[in-house]
Amino acid sequence: AYAMEEYVAPEPCTLATPVNWDEKIAVEANSEKWYLMNLTSAIEARQDLVFNLVNNSADSLVVTVEAHDACPTDEFTLIQSSTQTVEPNASKAKVIDYLSYLEGQVEEMYIHVITKGGALDLDMETAKYTVTVTAENGTVAGAGTFEDGDTITLTATPAEGYEFVNWTKGEEVV
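No experiment lies behind these values; they were computed from the predicted model shown.

Student: Mind showing me how you'd approach the environment of Thr168 here?
Tutor: Within the element layout of this structure, Thr168 appears in strand S14 (residues 168-169). Those residues in contact with Thr168 that sit more than four places away from it in its chain are Val173 and Val174.

Written as structure tokens, this is what we have:
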């Protein structure tokens, strides 16, 4: 008689490939892979991350990106999941509002990437936002493109003979 041992699959976290958050990842076609992303101290809580999905193949592909807050087990927390189709030789960006769920500094997170179709390049960056301002009878300095979490200063300078009254967003006084 032969003793047969039950096969126990390894935890996904033991199979995760370590990567830095700003490192480009080449994801194979028709694959499923885990990554342990080192976020470094440059990323703070309440920042959004942008996942750039670049399809370099001649075929459309479907990609699912999941962000997890801890080593996936029976009790892990799936923070966000997104499935997108990326056309041939095209790219898409997905903003993951991942870090807004956490308090304090975040050092790592687990990313699960599943592709169906061609291969792709995946890279991450902190979200960037463009602040546009207009002024009547004066000028405003400080507009531009900023990373999520940046503190900016806008300075209004009224034209001669005018005074600053208020800031508005659309029709609302802020």
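Further notes follow.
Student: Can you walk me through the confidence of the model for the protein in this structure?
Tutor: It should be kept in mind that the predicted coordinates are not to be read in detail where pLDDT is low. The predicted model of the protein averages 75 in pLDDT, with 70% of residues at 70 or higher. Every residue in residues 99-105 is under pLDDT 50, and counting partners more than four places away or in other chains gives 19 contacts.

Student: Whenever I open this one, the environment of Asn55 confuses me. Can you help?
Tutor: Along the chain, Asn55 turns up in strand S4 (residues 49-55). Along the sequence, Asn55 and Leu120 sit 65 residues apart, while their C-alpha atoms lie 4.6 Å from each other. Residues in contact with Asn55, not counting those within four places in the same chain, are Ser60, Leu61, Val86, Glu87, Pro88, Asn89, Ala90, Ala119 and Leu120. Within the structure, the side chain of Asn55 is placed 3.0 Å from the backbone oxygen of Val86, a separation counted as a polar contact.

Student: Would you mind going over the side chain of Asp121 with me for this structure?
Tutor: Mapped onto the fold, Asp121 is located in strand S9 (residues 120-126). Lys24 is the oppositely charged side chain nearest to the buried, salt-bridge-free Asp121, at an N-O distance of 4.7 Å. Here Asp121 is in contact with Lys24, Ile25, Ala26, Asn52, Leu53, Val54 and Asn56, once residues within four sequence places are set aside.

Student: Teacher, can you tell me more about the nonpolar core here?
Tutor: As a rule of thumb, soluble globular proteins bury nonpolar side chains together. Within the largest apolar cluster, 18 residues are counted, with the highest numbers of intra-cluster contacts made by Phe51, Val63, Ile111 and Leu122. Looking at which element gives the most residues to this core, the answer is strand S5 (residues 61-68), with four residues. Ile111 has contacts with Lys33, Trp34, Tyr35, Met37, Phe51, Val65, Glu66 and Ala67, leaving out every residue within four places of it along the chain.

Student: For this particular structure, what's the right way to read the layout of surface pockets?
Tutor: The gaps left among the atoms become clear once a water-sized probe is rolled over them. The volume enclosed by the largest pocket comes to roughly 550 Å³. For the largest pocket, the lining is made up of 19 residues, of which Thr134, Ala135, Glu136, Phe164 and Asn166 are closest to its centre. Contributions of two or more residues to the lining of the largest pocket are made by strand S11 (138-141) and strand S13 (155-158).

Basis of the calculations
- Residues numbered from 1 in each chain as written.
- Predicted model: local features only at pLDDT ≥ 70, side-chain atom pairs only at ≥ 80, totals over all residues.
- Heavy atoms only, no water.
- Helix = DSSP H or I, 4+ residues; strand = E, 2+ residues; numbered from the N terminus.
- Contact = heavy atoms within 4.5 Å.
- pLDDT = per-residue confidence, 0-100.
- Polar contact = N/O pair within 3.5 Å; in protein donor to acceptor, adjacent residues only side chain to side chain.
- Buried < 20%, exposed > 50% of the residue type's maximum accessible area, 1.4 Å probe, protein only.
- Lys, Arg positive; Asp, Glu negative; His and termini not counted.
- Salt bridge = Lys/Arg side-chain N within 4 Å of Asp/Glu carboxyl O.
- Core = buried A, V, L, I, M, F, W, Y, C linked by side-chain atoms within 4.5 Å.
- 1 Å grid on protein atoms, 1.4 Å probe; cavity = no way out; pocket = protein on both sides within 12 Å on 5 of 7 lines; lining within 4 Å.
- Points joined across faces, edges and corners; volume = space filled by probe spheres on them.

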